[in-house]
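Architecture and fold: a report
If you want the building blocks of each chain, they are given just below.
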Amino acid sequence: MATIGLGALQLGGVALAAPAGSADGVGGTPCTDARIKACVDLSENRAWLLDGDGNVTYGPVKNSHGAEGYETPTGDFVIQRKEKDHVSQEYEGSPMPYAVFFDNNGRAFHGGATDRESAGCVRLGKEDAKRFFEHLNPNDRVQIVE
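Residues numbered from 1 in each chain as written. Predicted model: local features only at pLDDT ≥ 70, side-chain atom pairs only at ≥ 80, totals over all residues. Heavy atoms only, no water.

1. Overview of the side chain of T29
- Mapped onto the elements, T29 comes out in the loop between β2 (14-17) and β3 (38-41).
- Within the structure, the side chain of T29 is placed 3.2 Å from the backbone nitrogen of C31, a separation counted as a polar contact. (Helix = DSSP H or I, 4+ residues; strand = E, 2+ residues; numbered from the N terminus. Polar contact = N/O pair within 3.5 Å; in protein donor to acceptor, adjacent residues only side chain to side chain.)

What follows is the structure in C-alpha cells.
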C-alpha cells in the first residue's frame, strides 16, 4: 500500500494511507489545533485520536452524533471526566459505556450504535469507544467540526 505525504493513519489496528484530497488540517484531519487529543468531523462521521503534537495515533473511525434538535455542538472542548460504565439518567437509563464527557451538559464520547443518531453525544463502536476512553483524560483538549 502506498503512503501519501500525510503519513499513515490507523484504523482498528491496520495502517491506512490518508486518501488523496483528505483534509489539510492537523495530521490530515479537518481540525486546526495541534494541541488536541481528539478530532471529530460531524459532516463525515469520522473521528481521530491525536498525540497533542499534531500526529494522528488512531483513526479515522466511524461515529454518529446528535439528531435534529439534539445537535452535537462544534468547537473546542476540554475533557471533564470519564466513567467506564455510565448509565444516562436523562435518557431512560441508556447505557453509555466508556463515557468521556467533553462538556458540562452531559455530552460524551461513548460506545453505542453508530447507525443511528444520538441526543448530542459522539457515539463510537465499542472497541473505538474503549480506545478513546483509554487515550483521553480530564483536561485534554478536543475539537469538533462540522
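Moving on from the coordinates now.
2. Details of the nonpolar core
- Formed by 21 residues in total, the largest nonpolar core has its most connected members in F102, F109, L124, F132, L136 and V142.
- Mapped by element, the contributors of at least two residues to this core are β3, β4 (46-50), β5 (56-64), β8 (95-101), β10 (122-124), α1 (126-135) and β11 (141-145).
- Counting residues per element, this core draws most heavily on α1, which supplies three residues. (Core = buried A, V, L, I, M, F, W, Y, C linked by side-chain atoms within 4.5 Å. Buried < 20%, exposed > 50% of the residue type's maximum accessible area, 1.4 Å probe, protein only.)

3. Things to note about the environment of K126
- Here K126 is to be found in helix α1.
- On the basis of relative accessible area, K126 is assigned to the exposed category, the value being 58%.
- The sequence separation of K126 and P97 amounts to 29 residues, and the corresponding C-alpha distance is 7.8 Å.

4. Concerning unusual backbone geometry
- At the junction of G59 and P60, the peptide bond is cis and its omega measures out at 10 degrees in the coordinates.
- Tracing the chain through its elements places P60 in strand β5.
- For N45, which is not a glycine, the phi torsion comes out positive at approximately 55 degrees.
- For N45, the position within the fold is in the loop between β3 and β4.
- Phi at Y98 is positive, roughly 55 degrees, even though this residue is not glycine.

5. What to know about a negative patch on the surface
- Together, E68, E71, E117 and E146 line one region of the surface with negative charge.
- Relative to the elements of secondary structure, E68 occurs in the loop between β5 and β6 (75-78). (Patch = residues over 30% accessible without salt bridge, like charges linked within 9 Å, V, L, I, M, F, W, Y side chains within 5 Å. Areas by Shrake-Rupley, 256 points an atom, 1.4 Å probe, with all protein chains shown as cover. Salt bridge = Lys/Arg side-chain N within 4 Å of Asp/Glu carboxyl O. Lys, Arg positive; Asp, Glu negative; His and termini not counted. Charge placed at Lys NZ, Arg CZ, Asp CG, Glu CD.)

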